[in-house]
Amino acid sequence: KSIIIGVLTTVIAYVIVHFIFDKKGGSEQKKKTKTATIEAWKSIIRYEEISTDNYYAAFCIEDPGMMLETMAYEKDQLSKNYEILKAKPDLDEDMASFLARAIGYTNETKKVLADFAADLQRSKDDNVSTDEEKATKINALEERYTKKLDIIRPRETEAIATIFKTLSEKYGSELTYTEDS
């Protein structure tokens, strides 16, 4: 009888200690994940603001080829920043998934800009007789590629809004976001 009581006491003590330490270890990991994810979110918002400002500032460049090159450069920098964030340890899995999608959208935009620049260069090399014909051709290219970019941007914006909602539900009000970001 005393052997059984001793064994039961030992087992119960082990179970209690096991649950206490497992919960403590789990909460430490949750805290690390939360901290890493919130820091990543703040970085994303900063990167988006900087990239967007520089992207739209490129519209002031008179040379269309240089403008597109600058826009592509900004998207390339944004993609690299996302890659760095995605590699951080302890990142929330939803955040990592979002970053993978964001990298895809950014690379898609870079491809459209590169195609636009290549077509623009080809149109410059065409033997079009008048400036009016050149302008018409360039305007048609601009319209075509603007439509392609207009398809990508709402998906990017929706992905940001969705991840914001998801992370806000998980981590509370420590996250900030406005639709203009």
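Rules behind the numbers
- Residues numbered from 1 in each chain as written.
- Predicted model: local features only at pLDDT ≥ 70, side-chain atom pairs only at ≥ 80, totals over all residues.
- Heavy atoms only, no water.
- Helix = DSSP H or I, 4+ residues; strand = E, 2+ residues; numbered from the N terminus.
- Buried < 20%, exposed > 50% of the residue type's maximum accessible area, 1.4 Å probe, protein only.
- Polar contact = N/O pair within 3.5 Å; in protein donor to acceptor, adjacent residues only side chain to side chain.
- Contact = heavy atoms within 4.5 Å.
- Phe/Tyr/Trp six-rings, centres within 6.5 Å; stacked < 30°, edge-to-face > 60°.
- Lys NZ or Arg CZ within 6 Å of the ring centre and 35° of its normal.
- Salt bridge = Lys/Arg side-chain N within 4 Å of Asp/Glu carboxyl O.
- Axes fitted to C-alpha atoms, helices over the stretch in contact; angles between N-to-C directions.
- Parallel < 35°, antiparallel > 145°, perpendicular 65-115°, else oblique.
- Core = buried A, V, L, I, M, F, W, Y, C linked by side-chain atoms within 4.5 Å.
- Expected span 1.5 Å × (residues − 1).

### Overview of the side chain of Asp92
Next up, step 1: You can see Asp92 is positioned in the loop between α2 (64-86) and α3 (93-125).
Next up, step 2: Among the residues examined, Asp92 registers a relative accessible area of 5% and is labelled buried.
Next up, step 3: Of the polar contacts made by the side chain of Asp92, one reaches the backbone nitrogen of Asp94; its length is 2.7 Å.
Next up, step 4: Ignoring anything within four residues of it in the chain, the contact list for Asp92 reads Thr33, Thr37, Leu167, Lys170 and Tyr171.

### Here we look at unusual backbone geometry
Next up, step 1: Non-glycine residue Asp90 carries a positive phi angle of around 65 degrees.
Next up, step 2: In this fold, Asp90 is placed in the loop between α2 and α3.
Next up, step 3: Taking the relative accessible area as the measure of exposure, Asp90 reaches 32% and is therefore partly exposed.

### Side note on the packing of aromatic side chains
Next up, step 1: Scanning the model with the defined rule gives six aromatic pairs in all.
Next up, step 2: When the ring of Tyr55 is compared with that of Tyr56, the centres are 5.3 Å apart and the planes differ by 90 degrees; the resulting orientation is edge-to-face.
Next up, step 3: Summarising the aromatic geometry, the rings of Phe116 and Tyr145 are spaced 4.9 Å apart at their centres and angled 15 degrees between planes, so their arrangement reads as stacked. Placement of the pair is Phe116 in helix α3 and Tyr145 in helix α4 (residues 131-171), with a sequence separation of 29 residues. Of the two residues, Phe116 and Tyr145, neither departs from the other in class, the shared state being buried.
Next up, step 4: One aromatic cluster is present, formed by Tyr55, Tyr56 and Phe59 through successive ring pairs.
Next up, step 5: The cationic tip of Lys75 hangs over the ring face of Tyr55; the distance from NZ or CZ to the ring centre is 5.2 Å.

### Points about the pattern of salt bridges
Next up, step 1: Counted according to the given criterion, the structure contains 13 salt bridges.
Next up, step 2: Between Glu39 and Lys42 there is a salt bridge, and its shortest N-O distance comes to 4.0 Å. Residue Glu39 and its partner Lys42 are both found in helix α1 (residues 2-57); the two are separated by three residues, about one turn of the helix.
Next up, step 3: The salt bridge partner of Glu156 is Lys75, with a shortest N-O separation of 4.0 Å. Taken together, the residues Glu156 in helix α4 and Lys75 in helix α2 connect sequence positions 81 residues apart.

### Structural notes on the packing of α3 against α4
Next up, step 1: Two elements in contact, α3 and α4, have axes whose closest approach is 10 Å; the angle formed by their N-to-C orientations is 170 degrees. Judged by the angle between their axes, α3 and α4 are roughly antiparallel.

### Structural notes on the nonpolar core
Next up, step 1: Core analysis: the biggest nonpolar cluster contains 36 residues, and Trp41, Met95, Phe98 and Leu99 have the highest contact counts within it.
Next up, step 2: Broken down by secondary-structure element, the contributors of at least two residues to this core are α1, α2, α3 and α4.

### With respect to α2
Next up, step 1: Over its 23 residues, α2 runs 33 Å from end to end, which matches the ideal 33 Å to within 8%, given 1.5 Å per residue.
Next up, step 2: Within the span of α2, buried status applies to Met67, Leu68, Met71, Glu74, Lys75, Leu78, Ser79, Tyr82 and Leu85.
Next up, step 3: For α2, the N-terminal cap is Asp63; the gap from its side-chain oxygen to the backbone nitrogen of Gly65 is 2.8 Å.

### Some details on α3
Next up, step 1: For α3, spanning 33 residues, the distance from its first C-alpha to its last is 48 Å, which sits close to the expected 48 Å at 1.5 Å a residue.
Next up, step 2: Of the residues that open α3, the one with a side-chain oxygen 2.7 Å from the backbone nitrogen of Asp94 is Asp92.

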